[in-house]
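Structure at a glance
What follows is the residue order along each chain.
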Amino acid sequence: MPRSNLNLRAHLCWLFVVQAALLALAATENAQALNPDAIAYCRIAGYYAAGQLDLAITGYWGPLLSWLMVPLFKLGCAPLAAARGVMALSGVVFLAGAVSAFRAFRLPPRAWLTGAWLAALWSVFWSVRNISPDLLLAGLVNFALAATLKEFFRPRGGERNSGGQTGSTALTTGALWGLAYLAKAVALPLAFLFTASCVLLATWRDVPHRSGAARRLGLTWLALALVAGSWIGVLSRHYGKFTFSTTGPIAHALAGPGERASYHPAMTTLHAPDAGRVTQWEEPSRMAYATWLPWASGENFRRQLAVIAHNLTVMETWLSPWSSWLSNAPLPAWRRWLGAFDLLGLGAVACALAASGAIFGWPRRLVRRWRAALLMVVLLAGLYLPFFVMVEDSRYFYPLWPGVWLFAVVIRPRGQAARKWLRRV
């Protein structure tokens, strides 16, 4: 094995050791930190541990985070301690997924090692910011993204040289997307849209390989359906109709017209939770939400357009250097200058430069597989646009971090003076 590869592996090993120590320290210092979602995930994990499946099954909360808590419950861990342990594990999965994405994008070693260190530091902060599946989802999505790139963005002749591994790698790709869906339901439509778009992007001018890519896409979707379908079947039986998630309809109801539309009934009404529950927030799907259809009237259609416009500004603040200043949360001065998503909040700038490079060829045209990172930004943002999002929900964009780092590294403006300035930055 070349010495350079040994050095990279040693560097990565030390990185994971440092991350584990920081995750443990952060978990200890934030042992009592709690958010509303954490109560639901902990209670659901308790129901699974006690065998109370009628209370554990819900279409609103992804099951994977609670499933990971169950073994710790069985070992006698307190709910919050188990949640902290799973969030630390989520940080490790996020870092491993980011490294996998960097390597699939074929970044130079120095670039992806630097990105890996930054991803490790962000994973520590994000692991204690919320108890939620978003960090776990980000890691799994980036594992799936890396597998998708390796499967569909092959060099010329890859169709002939792949041999018997074609089926297995496509199935692995689909299984990874299925695991991401079990973490959070938004991964299911994202998986179908992203993989199909990557096939179109990879074979845009490569007609002879389209049939092979379509076959591998079918295998990917088959594996995705097998992994996700088991849980979809459970939910569909539980609710008496086809259901892959109840989160979307609820989030859309919260974006509707009316003064009280933006609030969950579990948080604003006096109600009796289902027998055995502490709060109906564990299963809000059973509560009365004011659903609405954008095309039902002109007023509703204008409301939907206003929601999309508002969400665009919210998502822009998630990636921007001034997002921390707009937040009402009391933050120390050093955190305000770091943005909410990446160092100095340069995410929006990097994405804008990448878009200009993809559309106009400036600063330079993106390699096809690099455009997949821009595709991920567009698709994930588009999936959230019609629904209710808040400025503090920047965790929804955690899966985009490796792509944003890619943009920051590979985008180069034309002109020697500009390149020299950017290199210094």
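Notes on the structure in this doc start here. Predicted, not measured: the structure shown is a model, and the values here were computed from it.

For helix α7 (residues 134–152), with 19 residues, the first-to-last C-alpha span of 26 Å sits near the 27 Å given by 1.5 Å per residue. Burial analysis of α7 places 17 of its 19 residues in the buried class, the great majority of the element.

A word on the packing of aromatic side chains. Each pair of aromatic rings is reported with the distance of its centres and the angle of its planes. Summed over all chains, the structure comprises 17 aromatic pairs. Between the aromatic rings of Trp126 and Tyr398, the centroid separation amounts to 3.9 Å while the plane-to-plane angle is 20 degrees, which identifies the pairing as stacked. Of this pair, Trp126 sits in helix α6 (residues 109–129) while Tyr398 sits in the loop between α18 (368–384) and α19 (401–410), and the two are 272 residues apart along the sequence. Take Trp126: its relative accessible area is 1%, and that puts it in the buried class. Here the aromatic cluster, defined as three or more aromatic residues joined through ring pairs, consists of Phe94, Trp122, Phe125, Trp126 and Tyr398.

The next subject is a nonpolar patch on the surface. On the surface, a nonpolar cluster with roughly 400 Å² of combined accessible area is contributed by Val18, Leu22, Leu25, Trp117 and Leu121. Mapped onto the nonpolar patch, the elements with two or more residues apiece are α1 (3–29) and α6. In terms of residues, the nonpolar patch owes the most to one element, α1, which gives 3 residues. Its location among the elements puts Leu121 in helix α6. According to the relative accessible area criterion, Leu121 is partly exposed, its value standing at 48%.

With that settled, the discussion passes to the pattern of salt bridges. One pass over the full model with this rule turns up 8 salt bridges. Between Asp134 and Arg395 there is a salt bridge, with its nearest N and O atoms 2.9 Å apart. One end of the pair, Asp134, is in helix α7; the other, Arg395, is in the loop between α18 and α19, with 261 residues separating them in the sequence. Taking the relative accessible area as the measure of exposure, Arg395 reaches 11% and is therefore buried.

Here is what the cut-offs are and how they apply
- Counting from 1, residues in each chain are numbered in the order their sequence is written.
- For a predicted model such as this one, the threshold for reporting local features is a pLDDT of at least 70, and the threshold for listing and counting side-chain atom pairs is 80 or more; totals across whole chains, interfaces and linings nevertheless cover every residue.
- Heavy atoms throughout the structure, all of them, feed into the side-chain values; hydrogens and water do not.
- Only DSSP runs of H or I reaching four residues or more are called helices, and only runs of E reaching two or more are called strands; each is numbered from the N terminus.
- Expected helix span is computed as 1.5 Å times (number of residues minus one).
- Three labels apply to residues, based on accessible area from a 1.4 Å probe with only protein chains included: buried if under 20% of the type maximum, exposed if over 50%, partly exposed otherwise in between.
- Aromatic rings from Phe, Tyr and Trp, with only the six-membered ring used for Trp, were paired whenever their centres fell within 6.5 Å, and each pair was classed as stacked if the ring planes differed by under 30 degrees, edge-to-face if by over 60, and tilted otherwise.
- What goes into a patch is any residue over 30% in relative accessible area without a salt bridge, connected to like charges within 9 Å or, for nonpolar side chains (Val, Leu, Ile, Met, Phe, Trp, Tyr), within 5 Å.
- Surface exposure here means Shrake-Rupley accessible area, sampled with a 1.4 Å probe, where a residue is shielded only by the protein chains that are shown.
- Salt bridge, as used here, is a side-chain nitrogen of Lys or Arg placed within 4 Å of a carboxyl oxygen of Asp or Glu.

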